[in-house]
Amino acid sequence: MFAESGPFYVTLHRHPAWKVVLPLGGHVEVGYGAGRTVAASGVIVPPQLAHTCAASFGYVALFFDPWVLCPGLGLARLGDGAARRVLAATGYTGTSLGPGPDSDLAAARAELLTLTGAGRPLDPRVAHAVWESTRAGSDVPISSIAVDVGLSPPRLRALVHASVGVPLTRLRQWARLRVAVADLPRESAASAAAVAGFADQAHFTRTARSLLGRTPASIGRSPA
């Protein structure tokens, strides 16, 4: 969960997760494809869709692993009532960038799943590969993870792609980015990058631009 108290625009990016954007007022607009846009009281953006995103007011963004929601859902609008219900379920009080002590992300997830349907359970081999690739501090080669689950590396990659739709290397990048972003703005970008396992601050910045459409310096910044 990430939240901001004012309007914001993020440049073209593509994240390996479901994103649900819930404005605290006004609307959200997602741009994708050849000049196409979707505007609504709330929007669900599927994994791996290259898009821009603009909120006309403060907002809450929820991110879900790519296997959590129904894979056939795609880019979807949430009506005003549905967006309000999911937002209310988060318990967000408007006082932090992320989940506060009163936040209930499990309730928000349950409310969303009633609207969209759930994804399919992961093959145990895929679940192990995802966990091993994304756990904090992990740098285990994909070839070693494949040995752990009794598959060749090409077969593991194919199985993960079929089940998740996102390469393990990209999921690892996303996991590191989440760790780094959670340290902002309490820590410097350089410190957050080091703790999360990025090669350096520049690597962190490139990854943030690619997966979030913004720079580390803009995260936690007070809106103009």
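What comes next concerns the included structure. Along each chain, residues carry numbers from 1 onward, in the same order as the chain's sequence is written. Per-residue local features of the predicted model are confined to residues with pLDDT of at least 70, and side-chain atom pairs are confined, for both listing and counting, to 80 or more; whole-chain, interface and lining totals are unaffected and use all residues. The side-chain numbers reported here are obtained from all heavy atoms of the structure, hydrogens and water having been left aside.

**Focus: the overall build of the protein**
Right, on to step 1. Secondary structure assignment for the protein yields eight helices and nine strands.
Right, on to step 2. Taking 2.2 N^0.38 as the reference for a compact globule, 224 residues should give roughly 17 Å; the C-alpha atoms of the protein span a radius of gyration of 17 Å, in line with that estimate.
Right, on to step 3. A principal-axis box enclosing the C-alpha atoms of the protein has dimensions of 50 × 40 × 40 Å.
Right, on to step 4. Per-residue accessibility, obtained with a 1.4 Å probe over protein chains only, is compared with the maximum for each type, and a residue is labelled buried under 20%, exposed over 50%, and partly exposed between these values. Here the protein, with 224 residues, has 45% of them falling under the buried criterion.
Right, on to step 5. Each accessible area value is a Shrake-Rupley result obtained with a 1.4 Å probe; residue values ignore everything except the protein chains displayed when judging cover. Accessible area for the protein stands at about 10,600 Å²; split by element, carbon and sulfur atoms hold 55% of it. Runs of H or I in DSSP of at least four residues are treated as helices and runs of E of at least two as strands, each being numbered from the N terminus. We compute the radius of gyration from the C-alpha atoms alone; for a globule the expected value is 2.2 Å times N to the 0.38, where N is the number of residues.

**So, the environment of Pro 216**
Right, on to step 1. Along the chain, Pro 216 falls in the segment after helix H8 (201-212).
Right, on to step 2. Note on Pro 216: relative accessible area 6%, which makes it buried.
Right, on to step 3. As for Pro 216 and Ala 55, which are separated by 161 residues in sequence, their C-alpha atoms are 19 Å apart.
Right, on to step 4. Setting aside chain neighbours within four positions, we find Pro 216 in contact with Leu 184, Ala 189, Phe 204, Thr 205 and Ala 208. Throughout, a contact is declared for two residues whenever any of their heavy atoms are within 4.5 Å.

**Things to note about unusual backbone geometry**
Right, on to step 1. If you check the backbone angles, Gln 48 has positive phi at about 70 degrees while not being a glycine.
Right, on to step 2. Note on placement: Gln 48 falls in the loop between strand S6 (42-45) and strand S7 (51-55).

**Here we look at the pattern of salt bridges**
Right, on to step 1. Salt bridge, as used here, is a side-chain nitrogen of Lys or Arg placed within 4 Å of a carboxyl oxygen of Asp or Glu. This model, assessed by the stated rule, comprises nine salt bridges.
Right, on to step 2. Here Arg 214 ties to Glu 4 by a salt bridge, and the two come within 3.2 Å at their closest N and O atoms. Residue Arg 214 is found in the segment after H8, and its partner Glu 4 is found in strand S1 (residues 2-4); the two are separated by 210 residues along the sequence. Of the two residues examined, Arg 214 and Glu 4, each falls in the buried class.
Right, on to step 3. Note that Asp 65 and Arg 178 form a salt bridge whose closest N and O atoms lie 3.9 Å from each other.

**Things to note about helix H3 (residues 124-134)**
Count 3.6 residues to each turn of an α-helix, and residues three or four apart come out pointing the same way.
Right, on to step 1. Taken together, the buried positions of H3 are Val 126, Ala 129, Val 130, Glu 132 and Ser 133.
Right, on to step 2. At its buried positions, H3 is contacted by helix H4 (142-148), helix H5 (153-163) and helix H6 (168-182).
Right, on to step 3. Polar contacts, as counted here, are pairs of nitrogen or oxygen atoms within 3.5 Å of one another; within protein the pair requires one atom able to donate a hydrogen and one able to accept it, and residues that are adjacent in sequence qualify only if both atoms are side-chain atoms. Capping the start of H3, Asp 123 holds a side-chain oxygen 2.7 Å from the backbone nitrogen of Arg 125, two or three residues further along.

**A few points about the sheet that holds strand S3 (residues 18-23)**
Right, on to step 1. A pair of strands counts as paired when DSSP detects no fewer than two bridges linking them. Spatially, S1-S8-S3-S6-S9 is the arrangement adopted by the five strands of the open sheet, whose pairing is antiparallel. Among the strands making up the open sheet, the edge pair consists of S1 and strand S9 (76-78). Sheet twist, expressed as the average angle between the axes of neighbouring strands with direction ignored, equals 15 degrees.
Right, on to step 2. Here three bridges tie S3 to S6, and the two strands are oriented antiparallel to one another. Paired with Lys 19 across the bridge in S6 is Val 45.
Right, on to step 3. Packed onto the sheet, helix H2 (residues 105-116) meets S3, S6, strand S8 (59-64) and S9 and runs at close to 75 degrees relative to S8. Under this scheme, a helix contributes an axis fitted over its contacting stretch, all axes are lines through C-alpha atoms, and angles between N-to-C directions fall in the 0 to 180 degree range.

**Quick word on the environment of Thr 134**
Right, on to step 1. Here Thr 134 shows up in helix H3.
Right, on to step 2. Put simply, Thr 134 and Ser 163 are 29 residues apart on the chain and 16 Å apart in space, counted from C-alpha to C-alpha.
Right, on to step 3. Not counting residues within four places of it along the chain, the set of residues in contact with Thr 134 comprises Leu 171, Arg 172 and Ala 175.
Right, on to step 4. Within the local environment of Thr 134, its side chain forms a polar contact with the backbone oxygen of Val 130, the two atoms lying 2.7 Å apart.

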